[in-house]
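# Overview (structure and organization)
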Amino acid sequence: MIEAHNVHRSYTLAKKEIEVLKGIDLRIEAGEKIFLCGPSGAGKTTLMYTLAGLENPHQGKVLIDGTDFYGLSSANQARLRNEKIGYIFQNYFLLPELTAIENVLVPGLIGGKSDHEAAKRALERVGLANRVDHLPAELSGGEQQRVAIARALVNSPSIIFADEPTGNLDTGNSDEVMKILLEVVAEQNATLVVVTHNSALSRHGDRIFTIKDGMIADD
Ligand SMILES: Nc1ncnc2c1ncn2[C@@H]1O[C@H](COP(=O)(O)OP(=O)(O)O)[C@@H](O)[C@H]1O
Ligand SMILES: [Mg+2]
């Protein structure tokens, strides 16, 4: 379960402060699939980072399974993130010098339980059994995104965040990636929070949150 209470976040650029999140309140139940929509620059990525424990709110709280996440020490934050959260970043964010399987091994290395077999199974699960030793540059966009999904899922997280997972893909690849993501989330009974501009995709969700003027409209 994820809760946000009065979450505020702003950025200061050239001495000008932009208030991006202006008091977000939300509650996402375990196992729910939430689609997060809103125009470019609305703060979707900022909100995802904040909910996923990657970026401190300036005010307010984020509770993950009842724990006040940002109240934890940074070591405990890192441990909880590694155990519970899978994150699929906007633009894949694969490490360019590592092969597909090495990229998938990264969360395990951080958590101190690197499991080569699990990494291989995760790549097989996303249909990349024959691409394990390829570098990101040797993979298509859809394949890179599938590596990113395998990396996010390899630790069997209970909460998965996906920031515009199909944003850079053509329709065929986009449908394929979304199908795999939803299947794996269902297999693992995970909670899913997805940012998308594609309203056809958001019908797969339980609820749609729209972010506008720094606030959530739940519809
Ligand atoms: N690191 C940063 N420094 C300054 N401004 C930022 C930074 N990250 C995001 N912003 C600004 O915050 C706003 C929200 O960004 P973002 O959360 O990425 O929006 P979205 O994902 O909805 O497109 C934008 O106006 C963006 O320019
Ligand atoms: Mg974004």
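Given the structure is predicted, the values throughout are model-derived calculations rather than measurements.

Turning to the packing of helix α5 (residues 141-153) against helix α6 (residues 171-187), a few remarks are in order. Contact geometry for α5 and α6: axes closest at 10 Å, N-to-C directions at 10°. Judged by the inter-axis angle, α5 sits roughly parallel to α6. Where α5 approaches α6, its residues Gly 142, Gln 145, Arg 146, Ile 149 and Leu 153 are matched on the opposing element by Asn 173, Val 177, Ile 180, Leu 181 and Val 184. Residues of the contact of α5 with α6, tallied by class, amount to 6 nonpolar, 3 polar and 1 charged.

Perfect tetrahedral coordination of a metal by four donors corresponds to 109.5 degrees between them, and perfect octahedral coordination by six donors corresponds to 90 or 180 degrees. Listed as protein donors to the magnesium ion (ligand 2) are Thr 45 (OG1) and Gln 90 (OE1); their distances from the metal cover 2.0 to 2.5 Å. In this pair, Thr 45 sits in helix α1 (residues 44-51) while Gln 90 sits in the loop between β6 (85-88) and α3 (100-111), placing the two residues 45 residues apart along the sequence. Exposure remark for Gln 90: the relative accessible area of 30% places this residue in the partly exposed category.

Right, let's get into the pattern of salt bridges. Where charged atoms from two side chains of opposite charge approach closely, those side chains can pair. As enumerated under the stated definition, the model contains 11 salt bridges in all. Note that Arg 125 and Glu 183 form a salt bridge whose closest N and O atoms lie 3.0 Å from each other. Of the two residues, Arg 125 sits in helix α4 (residues 116-125) while Glu 183 sits in helix α6, which places them 58 residues apart along the sequence. Residue Arg 131 is joined to Glu 143 by a salt bridge in which the shortest nitrogen-to-oxygen separation is 3.2 Å. Placement of the pair is Arg 131 in the loop between α4 and α5 and Glu 143 in helix α5, with a sequence separation of 12 residues. The structure contains a network of salt bridges with shared partners spanning Arg 125, Lys 179, Glu 183 and Glu 187.

Residues of the protein with pLDDT of at least 70 account for 99%, and the chain-wide mean is 92. Averaged pLDDT values for the elements of the protein fall to 83 in strand β10 (residues 215-218) and rise to 97 in strand β4 (residues 59-64).

Each value, and the rule that gives it
Residues numbered from 1 in each chain as written. Chains lettered and ligands numbered in written order. Predicted model: local features only at pLDDT ≥ 70, side-chain atom pairs only at ≥ 80, totals over all residues. Heavy atoms only, no water. Axes fitted to C-alpha atoms, helices over the stretch in contact; angles between N-to-C directions. Helix = DSSP H or I, 4+ residues; strand = E, 2+ residues; numbered from the N terminus. Parallel < 35°, antiparallel > 145°, perpendicular 65-115°, else oblique. Contact = heavy atoms within 4.5 Å. Nonpolar A, V, L, I, M, F, W, Y, C, P; charged D, E, K, R; others polar. Donors = N, O, S within 2.8 Å, 3.2 Å for Na, K, Ca; no water. Buried < 20%, exposed > 50% of the residue type's maximum accessible area, 1.4 Å probe, protein only. Salt bridge = Lys/Arg side-chain N within 4 Å of Asp/Glu carboxyl O. pLDDT = per-residue confidence, 0-100.

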